[in-house]
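Residues per chain are reported as follows:
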Amino acid sequence: MFDSLRRWRRQRALQSLAIPEGMWRTALESLPFIAMYRDEELARLREKVVLFLDAKSIVGAGGHEVTPIQRVVIALQACVLVLNLDLAYYDGWESIVVYPDEFVPGWEWEDEAGVVHVNDEPLAGEAMEGGPVILSWADVVASQDWDAAGMNLAIHEFAHKVDMRNGTANGCPPLPRDMPPNVWRRTLHRAFDHFEAKVDSGARTAIDPYAAESLAEFFAVLSEVFFVEPRLLRHEYPDVYAQFTRFYRQDPAARVALLRDHA
Ligand SMILES: [Zn+2]
């Protein structure tokens, strides 16, 4: 029963919420790394985007009005991560809140001594456990150009959501049966220790040093690199790259090579 309801809802969404061709093209063109995708992948990505937009609400805050193209651009980047995974990786939360620019989260946290602090540092993005993804539109736009920004905000925050699917973000998302969690953890830990030592030594890193903050940030930042600048991750941390290809069921560096062959 549940399955047929799900299928019906899926069919209805795909028919009634189709994205106009012009808007789809414009959204794709704003994300140069997607130029590497095969037509078959793009067709599946488009379906996922429609289903994602059907399942989530994307709302403006701080005076920001979310346009239809902005919805597609955000959903596209969310769906890149789950192109070959079940959309259920994004279950358990409902909305994406978009501010015009950086925002002050205002949430409180308690330190070990029981003192309550208010976080008033402006943020470009945040993924809240069981809650929304919050994005600064200005930063989504700025990070669409990897060569200039060296980061991708939307992929970063959605990677946290994938990680949070089995609880607190800790760099270990729910893995498929054929991937032993201890191998994943060992691989990520080893790379993290190496990266952290490099950042601590003051050396310049090709990967955003913010990745040294924690294993959760390491996973989110490396996911950005995996999808947008895959050869960099394969070069810096081949073992992590191999684990990511198995987890995400994609080999983005192979797409780059293919594109080169055809050029
Ligand atoms: Zn983060």
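In this report, we go over the structure that sits alongside the text. Each chain has its residues counted from 1, running along the sequence as written. At least 70 in pLDDT is required for a residue's local features to be given in this predicted model, at least 80 for side-chain atom pairs to be given and counted, and no such filter applies to totals for whole chains, interfaces and linings, which use all residues. To obtain the side-chain values, all non-hydrogen atoms of the structure were used and water was disregarded.

### Things to note about helix 9 (residues 215-228)
- Labels follow the DSSP assignment, with helices taken as runs of H or I lasting at least four residues and strands as runs of E lasting at least two, numbered in each case from the N terminus. Expected span of a helix: the number of residues minus one, times 1.5 Å. In a regular helix each residue adds 1.5 Å, so 14 residues correspond to 20 Å; helix 9 covers 20 Å between its end C-alpha atoms and thus fits that length.
- Only protein chains enter the area calculation, which uses a 1.4 Å probe; residues under 20% of their type maximum are buried, those over 50% are exposed, and those in between are partly exposed. Burial within helix 9 is extensive, with 14 of its 14 residues counted as buried.

### Details of the coordination of the zinc ion
- Of the protein atoms, only His 156 (NE2), His 160 (NE2), Glu 217 (OE) and Glu 217 (OE) coordinate the zinc ion, at distances of 2.1 to 2.7 Å.
- Think of the donor list as every N, O and S atom within 2.8 Å of the metal, or within 3.2 Å for Na, K and Ca; water never makes the list, so a site can look incomplete. All donors of the zinc ion come from a single chain, and their spacing in sequence reads H-x3-H-x56-E. Residue His 160 is found in helix 7 (residues 153-163), and its partner Glu 217 is found in helix 9; the two are separated by 57 residues along the sequence. As far as the burial class goes, His 160 and Glu 217 line up, both buried.

### Here's the deal with the packing of aromatic side chains
- The pairing test for Phe, Tyr and Trp rings, Trp by its six-membered ring, is centres within 6.5 Å, and the orientation test on the planes gives stacked under 30 degrees, edge-to-face over 60, and tilted for anything in between. All chains considered together, the criterion is met by 22 aromatic pairs.
- When the ring of Phe 218 is compared with that of Tyr 237, the centres are 6.2 Å apart and the planes differ by 70°; the resulting orientation is edge-to-face. With Phe 218 in helix 9 and Tyr 237 in the loop between helix 10 (230-236) and helix 11 (238-248), this pair connects stretches of sequence that are 19 residues apart.
- Residue classification places Tyr 237 among the buried residues on the basis of a relative accessible area of 7%.
- Pairing Phe 219 with Phe 244 gives two aromatic rings, centres 5.6 Å apart and planes at 75°, and the pair type is edge-to-face. Highlighted residues: Phe 219 in helix 9 and Phe 244 in helix 11, separated in sequence by 25 residues.

### A few points about the packing of helix 8 (residues 181-200) against helix 11
- Axis separation between helix 8 and helix 11 bottoms out at 9 Å; the angle between their running directions is 140°. The orientation of helix 8 with respect to helix 11, classified from their angle, is oblique. Where helix 8 crosses over helix 11, the two elements pack in a sense that is left-handed. For the pair helix 8 and helix 11, the contacting residues are Val 183, Trp 184, Thr 187, Leu 188, Arg 190 and Ala 191 in the first and Asp 239, Val 240, Gln 243, Phe 244 and Phe 247 in the second.
- Among the residues forming the contact of helix 8 with helix 11, the class breakdown is 7 nonpolar, 2 polar and 2 charged. Simply put, an axis is a line fit to the C-alpha atoms, just over the touching stretch for a helix, and the angle between two N-to-C directions goes from 0 to 180 degrees. Each angle is binned into one of four classes, with values under 35 degrees roughly parallel, values over 145 roughly antiparallel, values of 65 to 115 roughly perpendicular, and all other values oblique. Note on convention: near helix rotated counterclockwise from far helix by under a right angle means a left-handed crossing. Clockwise means right-handed. Two residues form a contact once any of their heavy atoms are found within 4.5 Å. In this classification, the charged set is Asp, Glu, Lys and Arg, the nonpolar set is Ala, Val, Leu, Ile, Met, Phe, Trp, Tyr, Cys and Pro, and all remaining amino acids, among them Gly, are polar.

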